[in-house]
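Descriptive structure summary
Spelled out, the chains give:
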Amino acid sequence: MSVAAPLSSMVNTANQPHLHCCATCKSAVSDDPFGHLVRDIRQYLGPSSGIDSAHVDPDQIKAIMARYTSNPKHWERYARADKSRGYTRNIVDNVNGKANLILIVWNPGKGSLIHDHADAHCIMKILKGNLTETIYHKPESGDTSVHPLEVKKETVYHPDEVTYISDQIGLHRVFNPDPVEPAMSLHLYTPPNAAEFGFHVYDERTSKSSFVPPQY
Ligand SMILES: N[C@@H](CS(=O)O)C(=O)O
Ligand SMILES: [Fe+2]
């Protein structure tokens, strides 16, 4: 009488993607942790396109981003760099129109201008290298007096750390302090206001703001 061999002895699984159960969505997923992160964000923000930032809990998105462990193999296909710019924004997903998920490559020694976030949530996770974030107090609306922006906080973030900013917290500037190596970070903006309506940059010495229209 023959006895059925266990499945594992009959199938060579060495080159197959490993399948396991997704703890969040309870379905089988292949071993694609970055894809899984994107799916978890999509699932949290929901499949419909009704947008209301007040209904989004940034701590939930921070937690989703925090439980992903960065590995360049997962996301290097998005990490396009342009040496002629300070940093390059690569769109990963539009989360059903509810957000922009963007992988930024920061050239060595380069950073963003001081900016607001167009009344949206911004969650940032470091994927590679270190990034310095300087947060500034946002001038009162209607305050046209000329004075330097006041620094609220400066922090150096390391791989896999996650941080959050909104216009309620302040303005910020992000900078790659490494003189040689690029740094990478993942940013989620929800709702995608800056891309749709524009945002403001600020002069550090005068606090004067300038509107930056959406870039198409
Ligand atoms: N919010 C900036 C990047 S950063 O400085 O956080 C942008 O999307 O261009
Ligand atoms: Fe920002």
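A brief look at the structure comes next. Note that this is a predicted model, so its numbers are computed, not measured.

Moving on to the site of ligand 1. If you check the shell around ligand 1, you find Tyr87, Arg89, Ile104, Trp106, Ser112, His115, His117, His172, Val174, His187 and Tyr189 and nothing else. Between ligand 1 and the protein, one listed contact pairs a nitrogen atom with a side-chain N or O atom of His115 at 3.0 Å. The side chain of Tyr189 places a nitrogen or oxygen atom 2.5 Å from an oxygen atom of ligand 1. Relative to its unbound accessible surface of 280 Å², ligand 1 loses 94% to contact with the protein. Breaking the shell around ligand 1 down by element, the ones donating at least two residues are strand E3 (87-93), strand E4 (100-106), strand E10 (171-175) and strand E11 (183-190). Of the residues belonging to the shell around ligand 1, the class tally is five nonpolar, five polar and one charged.

Below, the discussion takes up the side chain of Asp93. Here Asp93 lies in strand E3. Polar contacts involving the side chain of Asp93 include one to the side chain of Arg42, which spans 2.6 Å. With residues up to four places along the chain from it excluded, the contact list for Asp93 reads Val38, Arg42, Ala99, Asn100 and Leu101.

So, about the coordination of the iron ion (ligand 2). Within the protein, the atoms that donate to the iron ion (ligand 2) are His115 (NE2), His117 (NE2) and His172 (NE2), at distances of 2.1 Å. One can describe the site at the iron ion (ligand 2) as irregular: its six donor atoms subtend angles covering 29 to 165° at the metal. Each donor residue of the iron ion (ligand 2) lies on one chain, and together they are spaced H-x1-H-x54-H. In this pair, His115 sits in strand E5 (residues 114-115) while His172 sits in strand E10, placing the two residues 57 residues apart along the sequence. A relative accessible area of 11% places His115 in the buried class. The exposure class of His172 is buried, given its relative accessible area of 2%.

Thresholds applied
- Residues numbered from 1 in each chain as written.
- Chains lettered and ligands numbered in written order.
- Predicted model: local features only at pLDDT ≥ 70, side-chain atom pairs only at ≥ 80, totals over all residues.
- Heavy atoms only, no water.
- Near = heavy atom within 4 Å.
- Polar contact = N/O pair within 3.5 Å; in protein donor to acceptor, adjacent residues only side chain to side chain.
- Areas by Shrake-Rupley, 256 points an atom, 1.4 Å probe, with all protein chains shown as cover.
- Helix = DSSP H or I, 4+ residues; strand = E, 2+ residues; numbered from the N terminus.
- Nonpolar A, V, L, I, M, F, W, Y, C, P; charged D, E, K, R; others polar.
- Contact = heavy atoms within 4.5 Å.
- Donors = N, O, S within 2.8 Å, 3.2 Å for Na, K, Ca; no water.
- Tetrahedral: all angles 85-135°; square planar, octahedral: opposite > 155°, others 65-115°.
- Buried < 20%, exposed > 50% of the residue type's maximum accessible area, 1.4 Å probe, protein only.

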